[in-house]
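Observations on the three-dimensional arrangement
Residue-level listing of the chains:
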Amino acid sequence: MNQLTRDLLDSPGPLLLVPDAVLLPEGPADGYAVVVADGSFRAVGPAAEVARTHPGLDAVTLPGHLLMPGFVDAHHHLTQSFGSALAFGEPSEIFRRVWVPLEGALDEESAHAAAKLAALEALRGGFTTVTDAGTRADVDVDIVASAARDAGIRCVLGLVCNDVAGDAATAAEDSTAAVLESAEKHLARYDGDPLIHASLAVSIPEAATSTTLHRTARLAEEAGAIVQIHVNEHLAGVERSLVRHGLRPLEHLHSIGALGPQLLAAHATLLTPRELTLLADTGTAVSYNPVASAWKGNAVAPATAMAERGIRFGLGTDGTRGDGFRLADAAEFAQRIAYGLATGDSSCGAGWTWLEHATAGGADAVGLGARTGTVAEGLAADFLLVDITTPELALSRDVPWELVRRGNRDQITAVFVAGELRLWRGLPTGWDGPALVRQAAQLARAAVEKAPITRVHPTSAAARQRSTAP
């Protein structure tokens, strides 16, 4: 019987934690322990050795638990949480009909509640880092930063740097200058913040001039940050780029010098062999978002091929559902359906590939590989305690595969971010989660009613009535 209690973990001082196993890059290590102090892992190693070198600490045993890195969501839209129930059955480019109108209807209170609600769902799903691709709400982006801090989650915070409006092909010179000035200020704004990491974002390549695409890449590179851009996601976007530039979106970004380790290409579902080579040669990272592909009817990014070619990538939810285990499962499952069945590939990267890219690979892709994503001395103590005594995991013979195929958020006992207990058995520590949900439900109804949203697909009830009508 697991006797672990919250009070054993909710301590301001250093913690010596001794779980049944620790998930290291090379696999699960039995009999290991960690010391958590000042927000980081101070020590990771065999339990006896760690206890010997830290005699002043009382060991907290964690029977029946695996200590593993927290998941990294490489692509999210935190202020879109109010519209989660509007996305089902909708065709591609839903952002034009749902997300832009919805975010435009948010004020400071509703934007903060929407972002904090998304952060809560992410924590419940084992994510310790979320990467926000920038809000279109007419509020200071610090509203989103405040929500992430209040929730206790690490956030790579994007600032939208679009300087082209609508279907225009150019932007006014003063508009470009203003966007670039805001970008520089944003990159400096969160310097030294323990949880918020500044990032730049462009909605899609056609939303910014070549000047802005090139300059944001250089600004991010100089600051050690990333630029997030939705790239090669929809066929319509690829075709518009071919008409305008004679190049596909990723090719266009390469032609103006915007590819590189500082770029995080979101989705990248429609890639030619040449574009895979461009990604590999430039060190550009990708956010592979398998659930978004299924829900929106997009193609599936060739992630198994990316892994084989050493292309950097993480896994992103795109705000679909905040469950790290189900995301990793979807990552493998989508590759099996889209590519594995046709070639007789029964492994499709195996469990470790998707677990790695949901954690360390994701941290690397979003520019935080030197800070989080792995249980290692000196890195941020962003980790999960997973109950491995459940029927789904107790008989495991291959922990990475079992976590990918049979893991679920209800098996997460505790979530730590920056060494602090942020979630205990599904509920946040230090603030009232259910109260936030009630507040968000009220604000969401008002925002949805106000927003000029256009949906193509009827609700399930309406569709059923239509199908059964005489």
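Preceding block: the structure.
Residues numbered from 1 in each chain as written. Predicted model: local features only at pLDDT ≥ 70, side-chain atom pairs only at ≥ 80, totals over all residues. Heavy atoms only, no water.

**So, the pairing of strand β8 (residues 154-160)**
What counts here: Working definition: with a 1.4 Å probe on protein chains only, accessible area under 20% of the residue-type maximum means buried, over 50% means exposed, and in between means partly exposed. The helix and strand labels rest on DSSP assignments: H or I over at least four residues marks a helix, E over at least two residues marks a strand, and numbering proceeds from the N terminus. In this analysis, strands are considered paired if DSSP registers two or more bridges between them. Seen with the strands pointing away from the viewer, any crossover whose path from the first strand over the helix to the second strand runs clockwise is right-handed.
Burial analysis of β8 places six of its seven residues in the buried class, the great majority of the element. Bridge analysis of strand β7 (residues 127-132) against β8 gives four bridges, and the strand direction is parallel. Within the sheet, the bridge partner assigned to T131 lies in β8 and is V156. With helix α4 (residues 142-151) bridging β7 and the parallel β8, this β-α-β connection has right-handed handedness. As defined by bridge partners, β8 adjoins strand β9 (residues 196-202) across six bridges and the pair is classed as parallel. In the sheet register, V160 faces β9, and the bridge partner there is A201.

**Looking at the sheet that holds β7**
Rules: All axes are obtained by fitting lines to C-alpha atoms, using only the stretch in contact for helices, and the reported angles, taken between N-to-C directions, cover 0 to 180 degrees. Residue contacts are counted whenever heavy atoms from the two residues lie within 4.5 Å of one another.
Read from one edge to the other, the open sheet built from eight strands follows the order β6-β7-β8-β9-β10-β11-β12-β13, with strand pairing classed as parallel. Both edges of this open sheet fall to β6 (71-76) and β13 (313-315), since each of them pairs with a single strand only. Shown here is a sheet whose adjacent strand axes are inclined to one another by a mean of 25 degrees, direction ignored. Pairing of β6 with β7, which is carried by four bridges, proceeds in the parallel orientation. Residue pairing across strands places D73 opposite V130, the latter belonging to β7. Strands in contact with helix α6 (residues 210-223) are β9 and β10 (227-231); relative to β10, the strand with the most contacts, it is inclined by about 140 degrees.

**Things to note about the pattern of salt bridges**
Should their charged atoms come close, side chains of opposite charge can pair. Our working definition: By convention in these notes, a salt bridge is any Lys or Arg side-chain nitrogen within 4 Å of a carboxyl oxygen on Asp or Glu.
The full count for this structure, using the stated rule, is 20 salt bridges. For E420, the salt bridge goes to R422, with nearest N and O atoms at 3.6 Å. For E420, a relative accessible area of 45% corresponds to the partly exposed category. According to the relative accessible area criterion, R422 is buried, its value standing at 13%.

**Points about helix α3 (residues 108-124)**
Note the threshold: One fewer than the residue count of a helix, multiplied by 1.5 Å, yields its expected span. What qualifies as a polar contact is a pair of N or O atoms within 3.5 Å, subject to a donor-acceptor requirement within protein and to the restriction that residues adjacent in sequence count only when both atoms come from side chains.
A rise of 1.5 Å per residue sets the reference length of α3, with its 17 residues, at 24 Å; its end C-alpha atoms lie 24 Å apart and thus fit the reference within 8%. Between a side-chain oxygen at the N-terminus of α3 and the backbone nitrogen of E109 the separation is 3.3 Å; the capping residue is D107.

**With respect to the packing of aromatic side chains**
Our working definition: Centres within 6.5 Å are what make two rings of Phe, Tyr or Trp a pair, Trp counting through its six-membered ring; a difference in plane orientation under 30 degrees is then read as stacked, over 60 as edge-to-face, and the rest as tilted. Consider the ring centre and the ring normal. A charge sits over the ring if Lys NZ or Arg CZ is within 6 Å of that centre and within 35 degrees of that normal.
Within this structure, the stated rule accounts for seven aromatic pairs. Geometrically, the ring pair formed by F41 and F383 is tilted, given 5.6 Å between the ring centres and 40 degrees between the ring planes. Here the residue F41 occupies a position in strand β4 (residues 40-46), and F383 occupies one in strand β14 (residues 383-387), the gap between them amounting to 342 residues. The exposure classification of F41 matches that of F383, with both residues buried. An angle of 50 degrees between the planes, with centres 6.2 Å apart, marks the rings of F313 and W354 as tilted. Of this pair, F313 sits in strand β13 while W354 sits in helix α13 (residues 350-358), placing them 41 residues apart in sequence. In this structure, F313 and W354 share a single accessibility class: buried. Clustering of aromatic rings is evident, with ring pairs tying together F41, F383 and F416. Above the face of the W431 ring, K116 is positioned so that its terminal group lies 4.1 Å from the ring centre.

**Considering the nonpolar core**
Stated precisely, the cut-off is as follows: Buried residues of nine kinds, namely Ala, Val, Leu, Ile, Met, Phe, Trp, Tyr and Cys, make up a nonpolar core once their side-chain atoms join them within 4.5 Å.
With 108 residues, the main nonpolar core has M68, F82 and Y288 as its most contacted residues. Those residues within four positions of Y288 in sequence are excluded, and the remaining contacts are V300, A301, A303, F313, G314, L315, G316, A330, A331, A334, Q335 and W354. Core analysis: the second largest hydrophobic core is formed by 21 residues, L4, L15, V36 and V375 among them.

**Overview of helix α16 (residues 433-450)**
Given 3.6 residues to a turn, an α-helix orients residues that are three or four positions apart in the same direction. Put simply, the rule is: Note that the arc is computed from the directions linking the helix axis to the C-beta atoms.
Here α16 is 18 residues long and its end C-alpha atoms lie 26 Å apart, about the 26 Å a rise of 1.5 Å per residue gives. Turning to α16, its buried residues number three or more, namely G433, L436, A440, L443, A444 and A447. On an axial view of α16, the arc spanned by its buried residues comes to 120 degrees, and they lie on one face. Turned more than 90 degrees from where α16 packs its buried face, R438, Q442, R445 and E449 sit exposed. Buried residues along α16 sit in contact with α2 (94-104), α3 and β17 (427-428). The opening residue of α16 is D432, an N-cap whose side-chain oxygen sits 3.1 Å from the backbone nitrogen of A435.

**A word on the packing of α13 against helix α15 (residues 399-406)**
Counted only if it meets this: Roughly parallel means an angle under 35 degrees; roughly antiparallel means over 145; roughly perpendicular covers 65 to 115; every other angle is labelled oblique. The sense of a crossing depends on the near helix, which, turned anticlockwise from the far helix by less than a right angle, makes the crossing left-handed and, turned clockwise, makes it right-handed. Note that Gly is not counted as nonpolar here; it falls among the polar residues with everything else outside the nonpolar set of Ala, Val, Leu, Ile, Met, Phe, Trp, Tyr, Cys and Pro and the charged set of Asp, Glu, Lys and Arg.
As a packed pair, α13 and α15 sit with axes 7 Å apart at the nearest point and diverge in direction by 70 degrees. It follows that α13 is roughly perpendicular to α15 by the angle criterion. Our pair here, α13 against α15, has a crossing hand that is left-handed. Contacts between α13 and α15 involve A350, G351, W352 and L355 from the former and P400, W401, L403 and V404 from the latter. Class assignment of the residues belonging to the contact of α13 with α15 gives a composition of seven nonpolar, one polar and no charged.

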